[in-house]
Amino acid sequence: MSALPTIAFALILVSAAIQAPSLFRKDGGADPVSHWVLAAAFLALAAATIDRSLSIGFPALTGTFESLVFFAGMICLVAFAYRMQGRMTFLPLVQFGATIAAAAFLALASSPIAPRELLAPIPALRSGWLVLHVSLSFIGEAFFVASFVASIAFLATKDEKRRRDYDRVAYTSIGAGYPIFTAGALVFGAVWAERAWGSWWSWDPKEIWALTTWLAYTIYLHLRFLRKRKDALPSLVAVLGFLCALFTFFGVNFLLTGLHSY
Amino acid sequence: MRKLFEALKSVRLALVLISYIAATGVLASLVPQGRDSSYYRSSLPEPLASVVVKTGFSDFYGSPLFLVPAFLFFANLSACSADRLARELRKGRAGRHGPDILHLGLIVLLIGAVLGQAAKQSHPTWQGFARLGKGEAVELPDGRLLVLRSLRSEKYPDGRAKDWISTVEVSEAGKTVLPSYDIRVNHPLRLGPLSILQVSYGSERVLELEGPSETSRSLAAGEYIDAGDARLTLMSVDPDSGDAIAREEGPGGTKVVSLGKGSKIGAYVVLGAGEAELSGLQAAYDPFYPVVIAAFAVIGLGSIITFAGKLGELRA
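From a predicted model like this one, the values you see are computed outputs, not experimental measurements.

J.: Before we move on, can you summarise unusual backbone geometry with the specific residues and values?
T.: The residue Trp203(A) is not glycine, and still its phi comes out positive at about 55 degrees. Residue placement: Trp203(A) occurs in the loop between helix H6 (160-197) and helix H7 (205-225). Since its relative accessible area comes to 30%, Trp203(A) is described here as partly exposed. In the Ramachandran plot, Ala173(B) falls in the positive-phi region, its phi being about 50 degrees despite a non-glycine side chain. Following the sequence through the fold, Ala173(B) ends up in the loop between strand E4 (161-172) and strand E5 (175-184). For Ala173(B), a relative accessible area of 82% gives the class exposed.

J.: Describe a nonpolar patch on the surface, naming the residues involved and giving the relevant values.
T.: Taken together, the side chains of Leu108(A), Ile113(A), Phe254(A) and Leu255(A) present a nonpolar region at the surface, about 350 Å² in accessible area. In this structure, Ile113(A) sits in the loop between helix H4 (92-109) and helix H5 (128-156).

J.: Now, about the sheet that holds E4(B): what can you tell me, with residues and values included?
T.: Residue and element names in this part refer to chain B. Strand order in the open sheet made by the 4 strands is E2-E3-E4-E5, with antiparallel pairing throughout. For this open sheet the edge positions go to strand E2 (137-139) and E5, each flanked by a neighbour on one side alone. Between one strand axis and the next, the sheet turns by 25 degrees as a mean value, whatever way the strands run. One ladder, built from 10 bridges, connects strand E3 (residues 145-155) with E4; its direction is antiparallel. The residue bridging Glu154 from the neighbouring strand is Asp163, located in E4.

J.: I'd love a proper account of the packing of helix H3 (residues 64-84) of chain A against helix H8 (residues 232-255) of chain A, names of residues and values included.
T.: Residues and elements named next belong to chain A. Where H3 contacts H8, the axes come no closer than 13 Å and their chain directions differ by 170 degrees. It follows from the interaxial angle that H3 and H8 lie roughly antiparallel. Taken together, the residues of H8 that come into contact with H3 (itself represented by Thr64, Ser67 and Leu68) are Phe249, Phe250 and Phe254. Looking at the contact of H3 with H8, its residues break down into 4 nonpolar, 2 polar and no charged.

What counts, and where the lines are drawn
Residues numbered from 1 in each chain as written. Chains lettered and ligands numbered in written order. Predicted model: local features only at pLDDT ≥ 70, side-chain atom pairs only at ≥ 80, totals over all residues. Heavy atoms only, no water. Helix = DSSP H or I, 4+ residues; strand = E, 2+ residues; numbered from the N terminus. Buried < 20%, exposed > 50% of the residue type's maximum accessible area, 1.4 Å probe, protein only. Patch = residues over 30% accessible without salt bridge, like charges linked within 9 Å, V, L, I, M, F, W, Y side chains within 5 Å. Areas by Shrake-Rupley, 256 points an atom, 1.4 Å probe, with all protein chains shown as cover. Salt bridge = Lys/Arg side-chain N within 4 Å of Asp/Glu carboxyl O. Pairing = 2+ DSSP bridges. Axes fitted to C-alpha atoms, helices over the stretch in contact; angles between N-to-C directions. Parallel < 35°, antiparallel > 145°, perpendicular 65-115°, else oblique. Contact = heavy atoms within 4.5 Å. Nonpolar A, V, L, I, M, F, W, Y, C, P; charged D, E, K, R; others polar.

What follows is the structure in structure tokens.
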């Protein structure tokens, strides 16, 4: 069972290889297989998470390796759902970008920054609120991956029709990810913090960066909802928002110290 | 007044304030907060250290650099929400109140946060930490007495800690008000606005004493025992020999004494060194936490309604 993340990684690379030629097709058509390979990768990662959870007797979401495996799985699922939906124009570059992101996070999971040691969580991490906090944060961020790729693509193209399509994908992804991220990162995080540390907000670096991420996407939504802006500014903010999300996870964990240093 | 409201309800102002709070928050996360000015002068280049100390950036969240924009943001959010709600009601679009509810939740959250912070600052002694051994008691800030009846550490098969549990009893004016409650990590005891949390667990070297009628007690470093006119405060215990060093204060002055096995302290006889398990309990005070929880519920409701509305628009 410990080979499951490796199998998933291989599946993701296979999916990326299948998708690559469609990026150069003029008609924007998609291959019929790659998303099913991504679905298989998701199932492998879900099985890995369940297997580890059973081994340690607690949802396997409390370590860096486990978080990255879960995050990569969720990105695969979002990419699969994007391919399956019929409301928005399917843009192969968005699926490909998300696939590469999933591969990158899984590659990090196998690096020395994410020890694979099978360890049950310390007392402070044994909380249902923590499980909700971590899982919903990563599910929200999986949608932000799609918005990040779409926003980069928006900024890179001059074609107005393409821009509209990328903008719609970014807007919809953030619209879906934002409430989930709000619930996970901020609300359930605060509830857990109050029960673990006695204070629901402590201006801890992790909290500050999660709030900054949330504020960036709040700015994005207000630019889109109220000011109806469809120029480069919302896309720039979406890119910045995802970079903040990345720093919240990696930067704070490895460069800053605080209450979240477990 | 109208002009002020017009200025305050500006979405542009909201975006500027949110951007400012986000950008300065990021900078504040990179500068260690709440340190002495000498720390910044020794760890940062002089011009930067001066800026950090003089602008109040060393205590960013308590400084006008944060508090003024945060207050402006609160006023802006309130004005935007009132204006938006009035417009929606005028148009008769009752089904589009998701953002209004979401904004209301944020306003309530900010009020709860400010009131909670003010309450904490006005009751600084209502928060604290105590390490208790079995049978020991601590007086809570509200006057009640918390007694640690038992403590235990649950372990995984590999020996690592799984949970720490303190069974406590709470009494008030000599009357038991809570006979038994298990405080676990992440499962605090709630006593009105006061929460008692299990935050640590450990053991400490103590001096074991045997009293009259085979009663026994232990003494940790810093604890004292009265022996006649003198008071002996334990300073340290040698783990190998079991001998202890104590400070004796009495009518004859203060002196340091050595206590070996068999030494007598009043009615007690020293048995030697031992280990005592201690539970680390923390008291936290926030009478406005229920307001925060209510705000979260309102934010959740607003988010769901907003999201459902937007989803409907997309489908259309």
